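Secondary and tertiary structure notes
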Amino acid sequence: MGRIYAVDLVFHNAYGPDKPWFYDPALSGGGCVMDLGVHLVDLALWTLDFPSVSNVTSKLFRDGEPLGLEPDRVEDYAVATLELSTGAVVRLACSWHLQAGCDAVISASFFGTEGGAALRNVNGSFYDFVAERYRGTARDGLAEPPDEWGGRAAADWARRLANGDRFDIAAERLVEIAGVLDRLYGR
């Protein structure tokens, strides 16, 4: 794909959490960004080999109304832009209860100087995905349902445990991700 310079990430969940503590900022620490957006930030930084984030802008909403600084309620919609030290730009959006016409809208698109690739869910599914590669106006399918990606991930995890793998030092990158989330919240 060449040098990646643009990333678009989306995770909209039509339902949202069913436990009251998710909606209490003192207990949850945040809303849909804390629940769904964290996975988008992690995916972007992990895929791009953890470049530093030079700038963050975000807009948080609850029930269609913008939230101000230090809100007393959590967001149910968020949109953000991350500018990376590489010059790449990551745009992300996440929500609970979005009127999207399906259970979920999940996608990750990466665009580079020599091509692109995207992953998106099929028909609102949380489990069925299509992966494609782009070159100019050409599109090549990489994976489509049915695909046992969940089974492969579980098998890989079990294999690592069986091999005696323990703490992965890369887990310390989670601190960087938490720092980006704090910046999304203006903290």
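Structure: see above.
Read on for an overview of the structure. (Residues numbered from 1 in each chain as written. Predicted model: local features only at pLDDT ≥ 70, side-chain atom pairs only at ≥ 80, totals over all residues. Heavy atoms only, no water.)

Quick look at helix α4 (residues 174–184)
Along an α-helix, residues three or four apart share an orientation, since each turn contains 3.6 residues. Under the convention used in this document: Buried means the residue's accessible area, taken with a 1.4 Å probe over protein chains only, is under 20% of the maximum for its type, while exposed means over 50%, and partly exposed covers the values in between. In DSSP terms, a helix is any run of H or I states spanning at least four residues, a strand is any run of E spanning at least two, and both are numbered starting from the N terminus. Working note: the arc is built from the helix axis to C-beta atom directions. Every residue pair with non-hydrogen atoms within 4.5 Å of one another is taken to be in contact.
Taken as a whole, α4 has its buried residues at Ile 177, Val 180, Leu 181 and Leu 184. Viewed along the axis of α4, the buried residues span an arc of 100°, placing them on a single side of the element. If you follow the buried residues of α4, they end up packed against α2 (32–47), β2 (53–62) and β4 (77–84). Looking one or two residues beyond α4, the residue adopting positive phi is Gly 186, at roughly 75°.

What to know about the sheet that holds strand β5 (residues 89–96)
Strand pairing in a sheet relies on backbone hydrogen bonds, with the paired strands running either antiparallel or parallel. Under the convention used in this document: Note on pairing: two strands pair once DSSP finds at least 2 bridges between them. Axis definition: a line fit to C-alpha positions, over the contact stretch in the case of helices; interaxial angles, taken between N-to-C directions, run 0 to 180 degrees.
Taken in spatial order, the nine strands make up an open sheet running β3-β2-β4-β5-β1-β6-β7-β8-β9, and their pairing is mixed. Across the chains shown, the open sheet's two edge strands, defined by having one partner strand only, are β3 (65–66) and β9 (138–143). Taken strand by strand, α2 contacts β1 (4–13), β2, β4, β5 and β6 (104–112), and its axis lies near 155° from that of β5.

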